[in-house]
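Observations on the three-dimensional arrangement
Letter by letter, the chains look like this.
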Amino acid sequence: MSVAHTLVTILGALLVGFSAYSVFTKAEYVVGPLAEYGVPRAWWTWLGLAKAAGALGLLVGLVVPAIGYAAAVGIVLYFLGAVITVVRARAYAHIPFPLIYLAPVAASLVLGLAA
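Scope of this entry: the structure provided in the associated data block.

Cut-offs applied
- Residues numbered from 1 in each chain as written.
- Predicted model: local features only at pLDDT ≥ 70, side-chain atom pairs only at ≥ 80, totals over all residues.
- Heavy atoms only, no water.
- Helix = DSSP H or I, 4+ residues; strand = E, 2+ residues; numbered from the N terminus.
- Rg over C-alpha atoms; globule rule 2.2 N^0.38 Å.
- Buried < 20%, exposed > 50% of the residue type's maximum accessible area, 1.4 Å probe, protein only.
- Contact = heavy atoms within 4.5 Å.
- Areas by Shrake-Rupley, 256 points an atom, 1.4 Å probe, with all protein chains shown as cover.
- Lys, Arg positive; Asp, Glu negative; His and termini not counted.
- Salt bridge = Lys/Arg side-chain N within 4 Å of Asp/Glu carboxyl O.
- Polar contact = N/O pair within 3.5 Å; in protein donor to acceptor, adjacent residues only side chain to side chain.

What follows covers the overall build of the chain. Counting its regular elements, the chain contains five helices and zero strands. Against the globule reference of 13 Å for 115 residues, the chain gives a C-alpha radius of gyration of 14 Å, in line with a compact fold. A total of 115 residues make up the chain; the buried ones form 37% of that total. A sequence separation of at least 24 residues applies to 65% of the contacts in the chain between residues at least 6 apart. Of the roughly 6500 Å² of accessible surface on the chain, a fraction of 75% belongs to carbon and sulfur atoms.

Turning to the side chain of K51, a few remarks are in order. As for its placement among the helices and strands, K51 is situated in helix α3 (residues 44-60). Despite its burial, K51 pairs with no opposite charge, the nearest such side chain being E28 at 14 Å. Side chain to side chain, K51 and S19 meet in a polar contact 2.7 Å long. When residues no more than four places from it in sequence are discounted, the contact partners of K51 are V16, S19, A20, V23, Y78 and F79.

This paragraph deals with the environment of Y78. Looking at the element boundaries, Y78 is found in helix α4 (residues 65-88). Spatially, the C-alpha atoms of Y78 and A106 are 12 Å apart, while their sequence positions differ by 28 residues. When near neighbours in sequence (up to four residues on either side) are disregarded, Y78 contacts L47, A50 and K51.

And the structure:
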């Protein structure tokens, strides 16, 4: 395992974990747009749990690579879904935000598979 893979994985886990924390604490900069996009309030906790599980899975993946790969794929799919949700809501200026979380996780996956 390379140092780059480890660092990018930790960065991705921290970002996704922060995103989960932001949903759990109902930070206005997160839940405001969720409401604007039409995401049902009943889903917010589940979305936060998915992010938290993904972040934890990335960290566990540093020891058990298969779990890390599965977590990375799940997080990438999650944030691709977020991009689609933003596009469907026609909030085009918000597209970069889910990509900020997706990018290090995708890089982690690529680095892990290349190792």
